[in-house]
Amino acid sequence: MKQNGTALNTTDNNLSLTELEDLLGEQHIGTSYDTPLRADAFELADHEKIKIITGHFREIMETLGLDLTDDSLNGTPGRVAKMFVKEIFSGLNPANKPQITLFDNKYQYNQMLVEKNITLYSNCEHHFVPIIGKAHIAYISSGKVIGLSKLNRIVQYYSQRPQVQERLTIQIANELKTILETDDVAVVIDAAHLCVSSRGIKDVNSSTVTAEYSGAFLDKVTKEEFLQYIRPM
């Protein structure tokens, strides 16, 4: 899959910073297959990040006019900070990458293996609101097989970071190709974006589908067999 990017020449217009940020967000520009991270991204320990984010989020809430002396709100900055670091963005840290064990394909099973309807929760990197959907994965063994639950964990790991769906799809596929030492991999994601349904156009019925096929799955017949498996019954 090729990513399409749009270049904007900001010197040719009078867009404000806010207007430019909105335009970039709506166009879903992708800059890399890798998640954009600074070189010093992991110099701070998790507890240090939580402390800093707590302070910043407290300022955001206070700026919004919320009364943080209220019992219901007082602990919210800390809860949000912990959630960011330990849960919904924990996939940013390579230390949290799942450990994968492979097994010999002793059954000599040489057909595609499909794991469908893997629950996917991520967050849009343009507005930091949820992406909710399903991932469908298939691969053909090159001699090794992976535990089924590890497929779910790989999806979860790459989902737990600010994402665009195109990048997420490719990251999952590339990880599987590396681990399984095969190009015979397919990944399809069907997800709803709350940046579409809860703000902006507020369309609650649409979803976004992305796909990455490689190796044997570039063959029309093989691809159609995979798609047949993941179609709703």
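First, a word on what this report is: a plain description of the structure on this page. Remember, predicted model here, so these are calculated numbers, not experimental data. (Residues numbered from 1 in each chain as written. Predicted model: local features only at pLDDT ≥ 70, side-chain atom pairs only at ≥ 80, totals over all residues. Heavy atoms only, no water.)

Some details on helix H4 (residues 76–88)
The cut-off we apply is this: Strands here mean DSSP runs of E at least two residues long; helices mean DSSP runs of H or I at least four residues long; both are numbered from the N terminus. By this rule the span expected of a helix is its residue count minus one, scaled by 1.5 Å. To sort residues, take the accessible area from a 1.4 Å probe on protein chains only and compare it with the maximum for the residue type: under 20% means buried, over 50% means exposed, and anything in between is partly exposed. By definition in these notes, contact holds between two residues if any of their heavy atoms fall within 4.5 Å.
An ideal rise of 1.5 Å per residue puts 18 Å on 13 residues; H4 reaches only 16 Å between its terminal C-alpha atoms. Along H4, the residues classified as buried are Thr76, Pro77, Val80, Ala81 and Val85. The elements touched by buried residues of H4 are helix H2 (46–63) and helix H3 (71–74).

Observations concerning the nonpolar core
Threshold: We call a set of buried Ala, Val, Leu, Ile, Met, Phe, Trp, Tyr and Cys residues a nonpolar core when their side-chain atoms join them within 4.5 Å.
One finds Ile137, Ile172, Leu176, Val187 and Ile189 to be the most contacted residues of the largest nonpolar core, which totals 26 residues. Within the residue set of this core, elements represented by two or more residues are strand E2 (112–124), strand E3 (130–140), strand E4 (144–146), helix H5 (148–159), helix H6 (165–180) and strand E6 (185–193). Setting aside residues no more than four positions away along its own chain, Ile189 makes contact with Leu120, Lys134, Ala135, Gln165, Leu168, Thr169, Ile172, Thr208, Val209 and Thr210. Grouped together as the second largest cluster of nonpolar side chains are 10 residues, Met112, Ala186, Ala211 and Tyr213 included.

Structural notes on the sheet that holds E3
Just so we agree on the cut-off: What makes two strands pair is DSSP finding at least two bridges between them.
Spatially, E5-E2-E3-E6-E7 is the arrangement adopted by the 5 strands of the open sheet, whose pairing is mixed. Two strands bound the open sheet, and with one partner strand each, they are strand E5 (162–163) and strand E7 (208–213). As judged from the 10 bridges shared by E2 and E3, these two strands associate in the antiparallel manner. Each residue of the ladder has a partner; that of Asn123, found in E3, is Pro130.

Quick look at the side chain of Thr54
Among the structural elements, Thr54 can be located in helix H2. Excluding anything up to four places from it in sequence, Thr54 contacts Pro77, Gly78 and Ala81.

Focus: the packing of aromatic side chains
The cut-off we apply is this: The rule is short: rings of Phe, Tyr and Trp, with Trp giving its six-membered ring, pair when the centres are within 6.5 Å, and they are stacked under 30 degrees, edge-to-face over 60, tilted in between.
For the coordinates displayed, the defined rule picks out 5 aromatic pairs. With 5.1 Å between their ring centres and 55 degrees between their planes, Phe89 and Phe128 make a pair best called tilted. Here Phe128 lies in the loop between E2 and E3 and Phe89 lies in the loop between H4 and strand E1 (102–104), a separation of 39 residues in the sequence. The buried category is assigned to Phe89, whose relative accessible area is 9%. Between Tyr157 and Tyr158 the ring centres are 4.9 Å apart and the planes differ by 75 degrees, which places this aromatic pair in the edge-to-face class. The class for Tyr158 is buried, based on a relative accessible area of 10%. Three or more aromatic residues joined by ring pairs form one cluster here, namely Phe84, Phe89 and Phe128.

So, the pattern of salt bridges
Opposite charge on two side chains permits pairing when their charged atoms draw close. Rules: Here, a salt bridge means any Lys or Arg side-chain nitrogen found within 4 Å of an Asp or Glu carboxyl oxygen.
All chains considered together, the criterion is met by 6 salt bridges. One salt bridge in this structure joins Arg167 and Glu125, with 2.7 Å as the shortest N-O distance. Taken together, the positions of Arg167 in helix H6 and Glu125 in the loop between E2 and E3 put the pair 42 residues apart, joining distant regions of the chain. We classify Arg167 as buried; its relative accessible area is 0%.

With respect to the packing of H5 against H6
Each pair of packed helices gets described by two things: the angle between the helix axes and the distance between those axes. Stated formally: Helix axes are fitted only over the stretch in contact, all axes being lines through C-alpha atoms; the angle between N-to-C directions runs from 0 to 180 degrees. These descriptions rest on fixed angle ranges, namely under 35 degrees for roughly parallel, over 145 for roughly antiparallel, 65 to 115 for roughly perpendicular, and the rest for oblique. Left-handed is the label given to a crossing in which the near helix is rotated counterclockwise from the far helix by less than a right angle, and right-handed is the label when the rotation is clockwise. Polar here means any residue outside two lists: the nonpolar Ala, Val, Leu, Ile, Met, Phe, Trp, Tyr, Cys and Pro, and the charged Asp, Glu, Lys and Arg; Gly therefore counts as polar.
At a minimum axis distance of 10 Å, the contact between H5 and H6 shows a crossing angle of 135 degrees. One way to sum up the angle between H5 and H6 is to call them oblique. For the element pair H5 and H6, the recorded crossing hand is right-handed. For the pair H5 and H6, the contacting residues are Leu151, Ile154, Val155, Tyr158 and Ser159 in the first and Leu168, Gln171, Ile172, Glu175, Leu176 and Ile179 in the second. When its residues are assigned to classes, the contact of H5 with H6 shows 8 nonpolar, 2 polar and 1 charged.

Quick look at a nonpolar patch on the surface
We apply this condition: Here the term patch refers to residues with relative accessible area over 30% and no salt bridge, with like charges joined within 9 Å and nonpolar side chains (Val, Leu, Ile, Met, Phe, Trp, Tyr) within 5 Å. Where accessible areas are quoted, they stem from the Shrake-Rupley method and a 1.4 Å probe; at the residue level, only the protein chains shown are allowed to cover.
The grouping of Ile60, Leu64 and Leu66 at the surface amounts to a nonpolar patch, some 300 Å² of accessible area in total. Turning to its location among the elements, Leu64 is positioned in the loop between H2 and H3. Leu64 sits in the exposed class, given a relative accessible area of 67%.

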